[in-house]
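Descriptive analysis of the structure
Below, each chain spelled out in residue letters.
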Amino acid sequence: MKYSQDLVQRSQEIVQKVKEAEKLNKPIEHLVREQIAIMECQKDEFIKQADNLGLDDLGKARVEIQIYSNLKFWAKKIGLPVDKYDELIKQVQSRILG
C-alpha cells in the first residue's frame, strides 16, 4: 500500500508543479509524462484491486472511465495522441452496455 500512497503523493506534487510552471510559462512536458506514467500505474493497481474494494461492474467501469478521461486530459495538455484513451473508454462502455 505504501507504493500506492507514494504515487498519490507524487501525483499531487506534479499537479502543483504543473500549475506553477504554467503560470511562469515554463516547460511542463516532463511533468506531464511523469503524471501519465503514475496514472497508468494507479489504473493497473485499481484494476487488480477492484474486486477487493467491493465495487460492482458499474462502479468499476465508472472509475476506469474517469481514469482514462484524466489520462486523456493530461495527454492533450502536451499534444500527445488521445485515440488510445478514447478506445479504452469505448471498450469499458461496451463491456458494461453489452
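About the thresholds
- Residues numbered from 1 in each chain as written.
- Predicted model: local features only at pLDDT ≥ 70, side-chain atom pairs only at ≥ 80, totals over all residues.
- Heavy atoms only, no water.
- Axes fitted to C-alpha atoms, helices over the stretch in contact; angles between N-to-C directions.
- Helix = DSSP H or I, 4+ residues; strand = E, 2+ residues; numbered from the N terminus.
- Parallel < 35°, antiparallel > 145°, perpendicular 65-115°, else oblique.
- Contact = heavy atoms within 4.5 Å.

Focus: the packing of helix 3 (residues 57-77) against helix 4 (residues 83-97)
- One can describe the packing of helix 3 onto helix 4 by two numbers: an axis separation of 9 Å at closest approach and a directional angle of 170 degrees. Relative to helix 4, the element helix 3 lies roughly antiparallel. Together, Asp 57, Leu 58, Ala 61, Glu 64, Ile 65, Tyr 68, Ser 69, Leu 71, Lys 72 and Ala 75 of helix 3 and Tyr 85, Asp 86, Leu 88, Ile 89, Val 92, Gln 93, Arg 95 and Ile 96 of helix 4 make up the contact between the two elements.

What about the side chain of Lys 60?
- Relative to the helices and strands, Lys 60 resides in helix 3.
- Excluding its chain neighbours within four sequence positions, the residues that come into contact with Lys 60 are Phe 46, Ala 50, Asp 51 and Leu 55.

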